[in-house]
Amino acid sequence: IAAGISIVVAGVLYFVGPKEPAFWPSFVVYAIFALMVGFLTYQTGGVFSPFVAMWMLVSLFASVFGVIGWVLLLIANAAYTATVYLLYELTATSVAMVIFISIIPLVAGIFAWRGKQESTTQGVEAKRLVNQISEVTSKAEVIINAIGDGVIAVDSQGVIQLINPAAQQILGWGRQDALQLNYKSVLKLIDEENNEITDGQSPVAQALNTNQQIRSSSLTLVTNSNNKLQVSLVASPIGDAGAGIIIVFRDISKEKAEEREQAEFISTAAHEMRTPVASIEGYLGLALNPNTATVDEKAREFIMKAHESAQHLGRLFQDLLDISKSEDGRMTSLPKVVDMTKLAESVVQNFIPKAGEKGLRLVYAPTLHASRQNLAPVYLVHLDNDHVREVLDNLIENAIKYTPKGSITIDVNGDNEWVAVSVKDTGLGIPAEDLPHLFQKFYRVDKMDR
């Protein structure tokens, strides 16, 4: 009775209790039970005892404890066989009975319990991985829900799989209503003319088709309540092609409104200031004209500097007006056929004296090519001569300004489709972290003099 209770308790501890804490207590109980059954069987006739069925049960369950269990059982059987050989006559029948009541159940137990142990180990490992994944997922969900920008995840078919609270608030859609819908039903985008965009214009469709990140800041979002918001949107692929994309967007209506107000202020201020500056420039011009005024040489020098400064101020105001016009679409363009080689050369010639003052060498590469090959390259383009000249003026002037020593090289190259004008200098360069701001208005690099 005691042996039966002990094996039942051992089984319950092993299969129901925690794996690690219950192993050794269960094994100890099993070992005590095995000793009791073995002693009882030996005392009542050995392999011919009426209790051999209990010993077969011990042999069958030995493999539950792995190598320790079946090694212990083999040792017990070897000890019994050696005792019978030394004290009695070891017959073939006795050996056959040992194999039948001990070895065969042991082998059967090895095959029976090995699968149980493997599945238990795999189950524990799978549970651990599930817990880890659940923990990571929970953290990711907390982060996504805390982001102020709208976040939507769609699969390869464009079906929404995730939408965070910020996106729900911006769009006016509930989570349960938006999930499993196509993104076009929730993320309604229109162009500047209030027309629904095509797949070719949609950054989301482009990201799904090309598996590349697409950005846009020129689209308008129509919410569920038909409000219109200007948004900045980034569509980024998830892993390999076909895995889906993440859409991150935010409302930039306020920023755009402030930019428009700023542009209007600049345009108005520049336009109003041009009139007095033009008057100052005109009167200084009259003062320098010997037919309208008489001044001594010293005063003429001062007036000439003031006249140059007034002209420079007028150009600055014109630049501000050009910026405003380019942003609101009022910039006019008068394209014509221009030889870019000659245009660039004329701009370079104007800066040779200024570069010489700083001891810089101004090199126009097409001239060198022509001297070596006896043939100057010709690149004819259709563009606004004044606008391109202004761009080249700015690039070369900045190259001279921020190049302490060395040289500045201007080159023109092209093919049947494109023409490239490059300005290369040995100056300070632009830090990598400032390159994204290259086309941002009024942005200047900190510590530019270094």
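Residues numbered from 1 in each chain as written. Predicted model: local features only at pLDDT ≥ 70, side-chain atom pairs only at ≥ 80, totals over all residues. Heavy atoms only, no water.

Colleague: What am I meant to see in the overall build of the chain here?
Modeller: The number of helices and strands found in the chain is 14 helices and 11 strands. Within the chain, buried positions represent 30% of all 450 residues. Carbon and sulfur atoms provide 60% of the accessible area of the chain, an area that totals close to 28,600 Å². (Helix = DSSP H or I, 4+ residues; strand = E, 2+ residues; numbered from the N terminus. Buried < 20%, exposed > 50% of the residue type's maximum accessible area, 1.4 Å probe, protein only. Areas by Shrake-Rupley, 256 points an atom, 1.4 Å probe, with all protein chains shown as cover.)

Colleague: Explanation requested: unusual backbone geometry in the structure shown.
Modeller: Of all residues except glycine, most have a negative phi; of all peptide bonds, most are trans. Despite not being glycine, Asn194 shows a phi value in the positive range, around 65°. Note on placement: Asn194 falls in the loop between strand E3 (188-190) and helix H9 (203-210). If you check the backbone angles, Asn211 has positive phi at about 55° while not being a glycine. Following the sequence through the fold, Asn211 ends up in the loop between H9 and strand E4 (214-222). Residue Asn211 is classed as partly exposed on the basis of its relative accessible area, which comes to 25%.

Colleague: What am I meant to see in the sheet that holds E4 here?
Modeller: Here we have 6 strands laid out as an open sheet, ordered E2-E1-E6-E5-E4-E3, and antiparallel in their pairing. Only two strands of the sheet have a single neighbouring strand rather than two, namely strand E2 (160-163) and E3. In this sheet, adjacent strand axes meet at a mean angle of 35° when their direction is disregarded. Running over the sheet, H9 touches strand E1 (150-154), E4, strand E5 (228-237) and strand E6 (245-251) and is turned about 140° from E4. Contacting E4, E5 and E6, helix H10 (residues 253-288) runs over the sheet at an angle of about 120° to E5. (Pairing = 2+ DSSP bridges. Axes fitted to C-alpha atoms, helices over the stretch in contact; angles between N-to-C directions. Contact = heavy atoms within 4.5 Å.)

Colleague: When you look at the pattern of salt bridges in this model, what are you seeing that I'm missing?
Modeller: Any two side chains of opposite charge can pair, on the condition that their charged atoms come close. In the structure shown here, the tally under the stated rule is 4 salt bridges. Between Lys184 and Asp199 there is a salt bridge; the shortest N-O distance is 3.0 Å. Placement of Lys184 in helix H8 (residues 183-186) and of Asp199 in the loop between E3 and H9 is noted, with a sequence separation of 15 residues between them. Residue classification places Asp199 among the partly exposed positions, given a relative accessible area of 42%. (Salt bridge = Lys/Arg side-chain N within 4 Å of Asp/Glu carboxyl O.)

Colleague: Sorry if this is basic, but what is going on with the packing of H10 against helix H11 (residues 297-328) here?
Modeller: For any two helices packed against each other, one specifies the inter-axial angle together with the distance between the axes. Remark: H10 packs on H11, axes separated minimally by 8 Å, with the N-to-C direction vectors making an angle of 155°. Regarding the angle of H10 to H11, the classification is roughly antiparallel. Where H10 crosses over H11, the two elements pack in a sense that is left-handed. Of the residues that constitute the contact of H10 with H11, the class distribution is 17 nonpolar, 8 polar and 4 charged. (Parallel < 35°, antiparallel > 145°, perpendicular 65-115°, else oblique. Left-handed = near helix turned anticlockwise from the far one by under 90°. Nonpolar A, V, L, I, M, F, W, Y, C, P; charged D, E, K, R; others polar.)

Colleague: How should I be thinking about the nonpolar core in this particular structure?
Modeller: Soluble, globular proteins show a tendency: their nonpolar side chains are buried together. With 28 residues, the main nonpolar core has Ile152, Leu171, Leu187, Ile247 and Phe249 as its most contacted residues. When contributions to this core are tallied by element, the ones reaching two or more residues are E1, E2, helix H6 (165-171), H8, H9, E4, E5 and E6. Here the element with the most residues in this core is E5; it accounts for 4 residues. Those residues in contact with Phe249 that lie beyond four places of it in its chain are Asp149, Gly150, Val151, Ile152, Ala167, Ile170, Leu171, Leu187, Leu221, Ser232 and Leu233. (Core = buried A, V, L, I, M, F, W, Y, C linked by side-chain atoms within 4.5 Å.)

Colleague: Just checking my understanding: could you explain H10 for this structure?
Modeller: The terminal C-alpha atoms of H10 lie 51 Å apart, and with 36 residues this matches the ideal 52 Å at 1.5 Å per residue to within 8%. Its maximal kink placed at Arg274, H10 deviates by approximately 30°, while the proline Pro276 follows within four residues. Listed in full, the buried residues belonging to H10 are Ala263, Ile266, Ser267, Ala269, Ala270, Val277, Leu284, Ala287 and Leu288. Check the buried side of H10 and you find it contacts H11. (Expected span 1.5 Å × (residues − 1). Bend = angle between axes of the 7 residues up to and from the residue.)

Colleague: Is there a simple way to think about a nonpolar patch on the surface in this case?
Modeller: A surface patch of nonpolar side chains, about 350 Å² in accessible area, is lined by Val95, Ile99, Phe100 and Ile104. Within the secondary structure, Ile99 sits in helix H5 (residues 92-146). For Ile99, a relative accessible area of 40% puts it in the partly exposed group. (Patch = residues over 30% accessible without salt bridge, like charges linked within 9 Å, V, L, I, M, F, W, Y side chains within 5 Å.)

Colleague: In this structure, what is going on with the sheet that holds strand E8 (residues 361-364)? I would like to understand it.
Modeller: Strand pairing in a sheet relies on backbone hydrogen bonds. The paired strands run either parallel or antiparallel. Pairing is mixed across the open sheet formed by 3 strands, whose spatial order is E8-E10-E11. At either end of the open sheet lies a strand with only one pairing partner, and these are E8 and strand E11 (419-425). Strand-to-strand, the axes of this sheet are offset by a mean angle of 10°, without reference to chain direction. Both E8 and strand E10 (residues 407-414) contribute to a ladder of 4 bridges, which runs parallel. Counted as the bridge partner of Val363 is Thr409 from E10. Taken strand by strand, helix H12 (residues 340-357) contacts E8, E10 and E11, and its axis lies near 170° from that of E8. Each of E10 and E11 touches helix H14 (residues 385-401); the most contacted strand, E11, lies at about 15° to it.

Colleague: Just checking my understanding: could you explain the confidence of the model for the chain for this structure?
Modeller: Residues at a pLDDT of 70 or more form 85% of the chain, whose mean pLDDT is 80. Summarising per-element confidence for the chain, the mean pLDDT is lowest in helix H1 (residues 2-15) (54) and highest in E11 (94). (pLDDT = per-residue confidence, 0-100.)

Colleague: For this particular structure, what's the right way to read the packing of H12 against H14?
Modeller: Orientation of H12 relative to H14, taken along the N-to-C sense of each, is 35°, at an axis distance of 10 Å. When you trace H12 past H14, the crossing you get is right-handed. Together, Met340, Leu343, Ala344, Ser346, Val347, Val348, Asn350, Phe351, Lys354 and Ala355 of H12 and Asn385, Val388, Arg389, Leu392, Asp393, Ile396, Glu397 and Ile400 of H14 make up the contact between the two elements. Along the lines of polarity and charge, the residues of the contact of H12 with H14 split into 11 nonpolar, 3 polar and 4 charged.

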